[in-house]
Amino acid sequence: MKRARLAELRKLAELRALRSAQALATRQAIVTELQRRDAALREPGPEATTDVADLIARDRHEIWKKEQLTRLGIVLARAQAEAQPYRERHARDRAREQVIDTLRKKTR
């Protein structure tokens, strides 16, 4: 291939990689935020107490946390599944860019 054509292909591959990186970044930001919420819910609560009212409140809070973790796990799984095609597209675009770089180096 001619150097000019490879330069054009490299620019195109670079633009595609940037576009796919931007699309992936928006989805990955959602996934990261959901993972942060999940980690916050998994943190241990305060230490044990003998006060009955506090124990009842803590028990209700633990039940609420389990429900929230279940819901959050489902939402996180959906977000991960939605982001996966964007991860794959970005990996293909980066690989395409690397192949073109290799071809450019060989034609020098």
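In the block above lies the structure referred to throughout.
These remarks concern the structure in this document.

Cut-off values and rules
- Residues numbered from 1 in each chain as written.
- Predicted model: local features only at pLDDT ≥ 70, side-chain atom pairs only at ≥ 80, totals over all residues.
- Heavy atoms only, no water.
- Salt bridge = Lys/Arg side-chain N within 4 Å of Asp/Glu carboxyl O.
- Helix = DSSP H or I, 4+ residues; strand = E, 2+ residues; numbered from the N terminus.
- Buried < 20%, exposed > 50% of the residue type's maximum accessible area, 1.4 Å probe, protein only.
- Axes fitted to C-alpha atoms, helices over the stretch in contact; angles between N-to-C directions.
- Parallel < 35°, antiparallel > 145°, perpendicular 65-115°, else oblique.
- Left-handed = near helix turned anticlockwise from the far one by under 90°.
- Expected span 1.5 Å × (residues − 1).
- Contact = heavy atoms within 4.5 Å.

As for the pattern of salt bridges
And then number 1: As enumerated under the stated definition, the model contains 13 salt bridges in all.
And then number 2: One salt bridge in this structure joins Glu 82 and Arg 27, with 3.8 Å as the shortest N-O distance. Of this pair, Glu 82 sits in helix H2 (residues 52–107) while Arg 27 is found in helix H1 (residues 3–42), placing the two residues 55 residues apart along the sequence.
And then number 3: Using a relative accessible area of 22% as the deciding quantity, one classes Arg 27 as partly exposed.

Quick word on the packing of H1 against H2
If you want to describe how two helices pack, look at the angle between their axes and the distance between the axes.
And then number 1: Put simply, H1 and H2 touch, their axes get as near as 7 Å, and they point 160 degrees apart. When the interaxial angle is binned, H1 and H2 end up roughly antiparallel. The handedness of the crossing between H1 and H2 comes out as left-handed.

Regarding H1
And then number 1: Spanning 40 residues, H1 covers 55 Å between terminal C-alpha atoms, matching the ideal 58 Å at 1.5 Å per step.
And then number 2: Along H1, the residues classified as buried are Leu 6, Leu 9, Arg 10, Ala 13, Ala 17, Ser 20, Ala 23, Leu 24, Val 31, Leu 34, Asp 38 and Leu 41.
And then number 3: Elements that come into contact with the buried residues of H1 comprise H2.

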